[in-house]
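# Coordinate analysis (summary)
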Amino acid sequence: MKMGSNRSFLPKLWSCLLICVTLWSNLSSGVLAKLYRRPNIVLILTDDLDIAIGGLNHLVVEKSLYFSFFFYLPQFVASPLCCPSRASILTGRYPHNHHVINNTLEGNCSSKAWQKSDEAHTFPTLLQSIAGYQTFFAGKYLNQYGHSEAGGLEHVPPGWNHWVGLEKNSKYYNYTLSVNGKAQKHGADYSKDYLTDLLANMSLDFLQYKSSHQPYFMMVSTPAPHSPWTAAPQYQHSFNSTKAPRDPSFNAHGKDKHWLIRQAKTPMSNSSVQFLDDAFRNRWRTLLSVDDLVEKIVKRLEDGGELDNTYIFFTSDNGYHTGQFSLPLDKRQLYEFDIRVPLMVRGPNIKPNQTSQMLVVNVDLGPTILDIAGYNVNKTQMDGMSFLPILMNSSSWRTDILVEYQGEGSNVSDPACPQLGPGVSQCFPDCVCEDSYNNTYACVRTVAPSSNLQYCEFDDDEVFVEIYNVTADPYQLENKAKTIDHEVLEKMNHRLMMLQACTGQSCRTPGVYDPRYKFDPRQMFPSHSWRLSRLRQTMK
């Protein structure tokens, strides 16, 4: 009798469970979804926007009611060049781990090798496949994207539901887009083709037609303020009296710096100064359209009732210089003007109009966005860490990060500057070179209560070292390498070598000025003794 009652009970139990599961499923997509909506995320990435020499001063962030709600952080880049830096943003990894070293296919920029390895493991792929986000990309991706030897415009990187990728490098007119793998050519008609405005309109279209049943991640990557600095017609005469900032490093001779900086002509010629002032004005003019783009996106989110549940990030891939240490204009150098970029964030539970001096680097963007989406960053191989706790006013954080760059040069002399010989590049104007093969360096950038320090080593015959106390010397005018205490030198040299070999969690170990740091001189790398002896010789 009991056995029979159990048999009759089981079908009823399964029916009840099925009804419960069905009800839970419906609640999850209905009532519960309204109780807790996973946040949306927007990342706006500019191209070559500095912070150290005023690239942000005029922007809507300074004057708009919308941007008074942002949290400000000084962000560093893992490498001061477009493609390596963008690869670091996408992967959350330092260049020595993602192996994108410059803007060429040979340097792994959007190459087949990149596509088969790191591109398949970017944070958007995790947002889409595991966190359930719908994803949208529009704008400049990597400098060699669309190259015929790397899949052409038919290649749509994994992780994107909606893809609008610019072929190769930044332009404002006469470019080609890959729209979900199909080429779309554009001309020179402002109303239809001006790229910054087109990206704004495509972003608004996505916000209008996206699914309302999934959270979304939207990445908009503008050409501005990258060359060729083509402003929209209504902004072509703005800032006519503006000049590049004449800070203490402007038109100054870098007498104690690496040979590439020492070769710059000081004082600069009048033509070079005019050229860089014109470039500075034009950069600001292109940014006025970025102002418009940001304002349109924020307004659309506000009008749609989504702003309060959306995190917005605004940043750049690298900084820029115009006349510092008599270098006319470029990036690629180890100084604050090239490695520091703006980072502004707003979103749920972030206190507005706050500033933090915590040490954030662009390998942290991916981990932070994944953290916001509820994904466990420790499951990834990312080198960066989520700075969401900083946005929520946590006081515990890292004290140092790595910056690395591999210099480029030409195998033949520049016909316009034959006296320079081979091995250099970016020699303009007036044959002042901005890069060379041995402009290859790695730096430990430290920010701690007791120290604001930059320690850099060049991979050249000299093992040239540059060290700056950035608190006492914010413009990095005086290289302290000859006078620094030898114990500090040894510790920083060892820390640099550790970071250059790090991966994942080992990139987040305590730095030299962290109270938890332990230095054991017996635990040296195989080449450490040789490098340290060379360093001691150069310090004499």
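Residues numbered from 1 in each chain as written. Predicted model: local features only at pLDDT ≥ 70, side-chain atom pairs only at ≥ 80, totals over all residues. Heavy atoms only, no water.

### Side note on the confidence of the model for the protein chain
Residue-level pLDDT values for the protein chain average 89, and 87% of them are 70 or greater. A low-confidence stretch, residues 1-35 (pLDDT under 50), is modelled with four contacts involving residues beyond four sequence positions or located in other chains. This model gives residues 60-65 a pLDDT under 50, and the stretch forms twelve contacts once residues within four places in sequence are excluded. (pLDDT = per-residue confidence, 0-100. Contact = heavy atoms within 4.5 Å.)

### Observations concerning the pattern of salt bridges
Within this structure, the stated rule accounts for 20 salt bridges. Ionic pairing is found between Asp-47 and Arg-86, a salt bridge with its closest N-O pair at 3.8 Å. In this pair, Asp-47 is assigned in the loop between strand E1 (40-46) and strand E2 (71-76) and Arg-86 in helix H3 (residues 82-91), connecting sequence segments 39 residues apart. With relative accessibility at 0%, the residue Asp-47 sits in the buried group. A relative accessible area of 2% places Arg-86 in the buried class. (Salt bridge = Lys/Arg side-chain N within 4 Å of Asp/Glu carboxyl O. Helix = DSSP H or I, 4+ residues; strand = E, 2+ residues; numbered from the N terminus. Buried < 20%, exposed > 50% of the residue type's maximum accessible area, 1.4 Å probe, protein only.)

### Describing the packing of helix H8 (residues 195-209) against helix H10 (residues 270-303)
Running from N to C, H8 and H10 point in directions that differ by 10°, and their axes come no closer than 9 Å. Overall, the two elements H8 and H10 adopt an arrangement that is roughly parallel. The segment H8 lies against H10, with Thr-196, Asp-197, Leu-199, Ala-200, Asn-201, Ser-203, Leu-204, Leu-207 and Gln-208 engaging Ser-289, Val-290, Leu-293, Lys-296, Ile-297, Arg-300 and Leu-301. Its residues assigned to classes, the contact of H8 with H10 shows eight nonpolar, five polar and three charged. (Axes fitted to C-alpha atoms, helices over the stretch in contact; angles between N-to-C directions. Parallel < 35°, antiparallel > 145°, perpendicular 65-115°, else oblique. Nonpolar A, V, L, I, M, F, W, Y, C, P; charged D, E, K, R; others polar.)

### Thoughts on unusual backbone geometry
Cis rather than trans, the peptide bond between Thr-266 and Pro-267 has omega equal to 0°. Along the polypeptide, Pro-267 turns up in the loop between helix H9 (259-262) and H10. Despite not being glycine, Gln-426 has its phi angle at roughly 55°, a positive value. With respect to the element layout, Gln-426 can be found in strand E13 (residues 424-427). With a relative accessible area of 30%, Gln-426 lands in the partly exposed category. The phi dihedral of Val-463 falls on the positive side, at around 50°, and the residue is not glycine. Residue Val-463 is classed as buried on the basis of its relative accessible area of 4%.

### Quick notes on the state of the cysteines
Within the structure shown, the criterion is met by five disulfides. The partner cysteine of Cys-417 in its disulfide is Cys-431, sulfur to sulfur 2.0 Å. Here the S-S torsion is close to -90°, and the disulfide linking Cys-417 with Cys-431 is therefore left-handed. With Cys-417 in the loop between strand E12 (400-405) and E13 and Cys-431 in the loop between E13 and strand E14 (433-436), this pair connects stretches of sequence that are 14 residues apart. You can call Cys-417 buried: its relative accessible area is 2%. Across a sulfur-sulfur distance of 2.1 Å, Cys-443 and Cys-456 are joined as a disulfide pair. With the S-S dihedral at roughly 110°, the linkage between Cys-443 and Cys-456 falls on the right-handed side. Residue Cys-443 is located in strand E15 (residues 441-448), and its partner Cys-456 is located in strand E16 (residues 451-458); the two are separated by 13 residues in the primary sequence. Exposure class is identical for Cys-443 and Cys-456. Each is buried. What connects to what in the protein chain, once the bonded cysteines are numbered by sequence position, is 1-2, 3-5, 4-6, 7-8, 9-10. The thiol of Cys-82 is unpaired, and the distance to the nearest cysteine sulfur, on Cys-83, comes to 8.1 Å. (Disulfide = S-S within 2.5 Å.)

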